[in-house]
Protein chains: 2
Amino acid sequence: MAYRPTERTEARRLEARERILSAAIDLVAQGGYRAASVSAVADGAGVATGSVYRHFPSKAGLFAEVFRRASQREVNAVVAASAGEDNAVERLATAIETFARRALRGRRLAWALLAEPVDPAVEAQRLRFRRAYRDAFASLLADGIAAGVFPEQRVEVAAAALVGAIGEALVGPLSPAGDDVDDDGVIDALIAFCISSVTHEETEHVRHRLAA
Amino acid sequence: MAYRPTERTEARRLEARERILSAAIDLVAQGGYRAASVSAVADGAGVATGSVYRHFPSKAGLFAEVFRRASQREVNAVVAASAGEDNAVERLATAIETFARRALRGRRLAWALLAEPVDPAVEAQRLRFRRAYRDAFASLLADGIAAGVFPEQRVEVAAAALVGAIGEALVGPLSPAGDDVDDDGVIDALIAFCISSVTHEETEHVRHRLAA
DNA sequence: TCAAGCTCTGAATCGTGATTCACTTCTTGG
DNA sequence: CCAAGAAGTGAATCACGATTCAGAGCTTGA
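Cut-off values and rules
Here the residue numbers are simple positions, counted from 1 along each chain's written sequence. Written order decides the labels, with chains lettered from A and ligands numbered from 1. Local features are withheld for residues below a pLDDT of 70 in this predicted model, meaning they are given only at 70 or higher, and side-chain atom pairs are given and counted only at 80 or more; totals for whole chains, interfaces and linings count all residues. Hydrogens are left out, water is left out, and the side-chain values use all remaining heavy atoms of the structure. One heavy atom suffices: a residue is near a molecule or strand as soon as one of its heavy atoms comes within 4 Å of it. Polar contacts, as counted here, are pairs of nitrogen or oxygen atoms within 3.5 Å of one another; within protein the pair requires one atom able to donate a hydrogen and one able to accept it, and residues that are adjacent in sequence qualify only if both atoms are side-chain atoms. The secondary structure listing takes helices from DSSP runs of H or I that are at least 4 residues long and strands from runs of E that are at least 2 residues long, numbered from the N terminus. As used in this record, nonpolar core signifies buried Ala, Val, Leu, Ile, Met, Phe, Trp, Tyr and Cys residues forming a set joined through side-chain atoms within 4.5 Å. Relative accessible area decides the class of each residue, using a 1.4 Å probe on protein chains only: under 20% of the type maximum gives buried, over 50% gives exposed, and in between gives partly exposed. Any two residues having at least one pair of non-hydrogen atoms within 4.5 Å are treated as being in contact. Least squares is used to superpose the copies, and the fit set is the C-alpha atoms of residues whose pLDDT is at least 70 in both copies. Think of it as three bins: nonpolar holds Ala, Val, Leu, Ile, Met, Phe, Trp, Tyr, Cys and Pro, charged holds Asp, Glu, Lys and Arg, and polar takes everything else, Gly as well. Marked domain ranges trace back to an automatic or database domain assignment. Buried surface area refers to the total accessible area, computed with a probe of radius 1.4 Å, that the two partners give up upon joining, counted for both partners together. Here a salt bridge means any side-chain nitrogen of Lys or Arg lying within 4 Å of a carboxyl oxygen belonging to Asp or Glu.

Attention shifts here to the protein's contact with DNA strand D. The local shell around DNA strand D holds 24 residues, among which Arg8(A), Arg12(A), Tyr53(A), Lys59(A) and Ser51(B) are the closest. Taking the atoms of DNA strand D that fall within 4 Å of the protein, sugar and phosphate contribute 71% of them. Take Ser51(B): an N or O atom from its side chain is 2.7 Å from a phosphate oxygen of DNA strand D. Residue Arg54(B) places a side-chain N or O atom 3.3 Å away from a base nitrogen belonging to DNA strand D. Every element with two or more residues in the surface near DNA strand D is listed here: helix H1 (7–31) and helix H3 (49–55) of chain A together with helix H3 (49–55) of chain B.

Of all hydrophobic cores here, the largest spans 136 residues; its most connected members are Phe137(A) and Phe137(B). Every residue in contact with Phe137(A), bar those within four places of it in the chain, is listed here: Leu92(A), Ala95(A), Ile96(A), Phe99(A), Ala159(A), Leu162(A), Val163(A) and Ile166(A).

After a rotation of 180 degrees and a shift along the axis of 0.1 Å, chain B superposes on chain A with an RMSD of 0.1 Å. Such a combination of turn and shift is consistent with a two-fold rotation axis. Among all residues of chain B, the one whose C-alpha sits closest to the rotation axis is Ser197(B), at a distance of 1.8 Å. When the interface residues of chain B are mapped onto chain A, 100% of them again fall at the interface, so both copies present the same face.

This part is about the protein's contact with DNA strand C. Not every one of the 23 residues close to DNA strand C is listed here, only the nearest: Arg54(A), Tyr3(B), Arg8(B), Arg12(B) and Tyr53(B). Those atoms of DNA strand C that come within 4 Å of the protein belong to sugar or phosphate at a rate of 73%. Arg13(A) is positioned such that a nitrogen or oxygen atom in its side chain is 3.4 Å from a phosphate oxygen of DNA strand C. A distance of 3.2 Å separates a base nitrogen of DNA strand C from a polar atom in the backbone of Gly50(A). When residues in the surface near DNA strand C are grouped by element, the largest group, four residues, is from H3(A). A breakdown of the residues in the surface near DNA strand C according to their chemical character gives eight nonpolar, nine polar and six charged.

Here we come to the domain arrangement of chain A. By a widely used convention, the size of an interface equals the accessible area lost when the partners come together. Residue and element names in this part refer to chain A. What the domain assignment lists for chain A is domain 1 (1–56) and domain 2 (66–211). Taken residue by residue, the interface counts 11 residues in domain 1 and 11 residues in domain 2. Between domain 1 and domain 2 lies a buried interface of about 990 Å² when both sides are counted; carbon and sulfur atoms form 65% of it. Three residues stand out in domain 1 for area buried against domain 2, namely Ile25, Val28 and Tyr33, and they jointly supply 55% of the buried area on that side. Along the contact surface separating domain 1 from domain 2 lie one salt bridge. Glu18 is the partner of Arg69 in a salt bridge, and the nearest nitrogen-oxygen pair spans 3.0 Å. Applying the counting rule to domain 1 against domain 2 returns four residue pairs in polar contact (both at pLDDT 80 or more). Residue composition of the side of domain 1 that touches domain 2, grouped by class: six nonpolar, three polar and two charged.

A few words now on the environment of Ala16(A). You can see Ala16(A) is positioned in helix H1. For the pair Ala16(A) and His55(A), spaced 39 residues apart in the sequence, the C-alpha separation amounts to 8.3 Å.

What follows concerns the interface of chain B and chain A. Taken together, the 43 residues of chain B in the interface contact 43 residues of chain A. Taken together, both faces of the contact between chain B and chain A bury some 3,700 Å²; the carbon and sulfur share is 66%. Linking chain B to chain A there are two salt bridges. Put simply, Glu168(B) and Arg130(A) hold a salt bridge, and the shortest N to O gap is 2.9 Å. Across the chain B-chain A interface, the total number found is two residue pairs in polar contact (both at pLDDT 80 or more). Listed by contribution, the elements that provide at least two residues to the side of chain B that touches chain A are helix H5 (88–104), helix H7 (120–146), helix H8 (155–174), helix H9 (183–199) and helix H10 (204–211) of chain B. With 13 residues, the single largest contributor to the side of chain B that touches chain A is H9(B). Grouping the amino acids of the side of chain B that touches chain A by side-chain chemistry returns 23 nonpolar, 10 polar and 10 charged.

Here's what the structure looks like:
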């Protein structure tokens, strides 16, 4: 035997892998998932089409990783921003604002992560993304309830609803070319909406309705 | 010349068209968009594959119509249910409940309408669907604000957020095989969440935040 | 430097499902 | 009943992009 993989070749391998991932993210951020064909990714990374398959088992596998990373980054940013010592309302507001501001910068990427049609395998990754957000919000809510700032409620449902509310409110301004929408105004309204949704004590009407 | 289309043949044409649409809806309601290939639709309608193209310009054209109809039906049901003379809160609650109950029956169809990956041309139809819901909610909110039941707020944003909140809260229980989730409980929590979100006056925290 | 064995290449292949079209079957007015 | 056309058929074609693979080019330890 004569050839044996070594540290240097391994480093080169990883570097190529990173270049491929990076090219894929760029393409998604720029033109969405549809624009990111395997050969376009290969071109962007400066490798041959076939080489992509030396690093990833399939296109779906590649983009699952792409989505995993991009999602992780988003969720981490939100969690980090809202981790301060402030009270629960403030933390929730910060989480929403961070979510929304990051999405409105990088709209195309946000749209890909939140709503663009993708392969089932990649879709699975998206569900994990939404779940990660849901868990983050659920945790904030639970803290707030424990602290007596929020009333008792179905934390799982409320968290899911928050994710949906934020996502949908953003995808509107997100999918068209953004017209000249007032980003700050949308964000403020969204924060007000979300804080209210989890803050309010039962009203007469709701109580009546739930009893029925 | 000898042959000339007549009333009878026209009727037959329309009937075939309806059978194709109906088969397509059934397939979507049963297995989602992915299960609805053109030949499966043709089989279901009892015609040849090629005949589908005698009635629709393309698969996308067919399914745009399918989605248009299905969406229309859903939105109509919600609008009709919430059209009563009750006050705005009750009307909103009814709208949400109708939306949710119909989605939870026919989960597969609801998922297709709300979230399943589809052709861009069909996706456009979906956006119209969401917009129709948004408009319906926006109208309810505007009425409520005029009546002094809801505080002033950005109706467009709130309406979008409501649609997103409901959709996301449902797609959770919707996409897995529904386990043994407590539908009524989810619906109640959802109603409470939504009513609160649009009912609440600005809190100290929100006011402070918006001023900043 | 060399043989062994790895990696890279990108054109050819493959799979999938929409779409077409030459042909058959039906309808109609005369 | 007939010829002119229209509608219906479904096997063949096409489009498209993911995936493969035979050969070229590198790396390595001896």
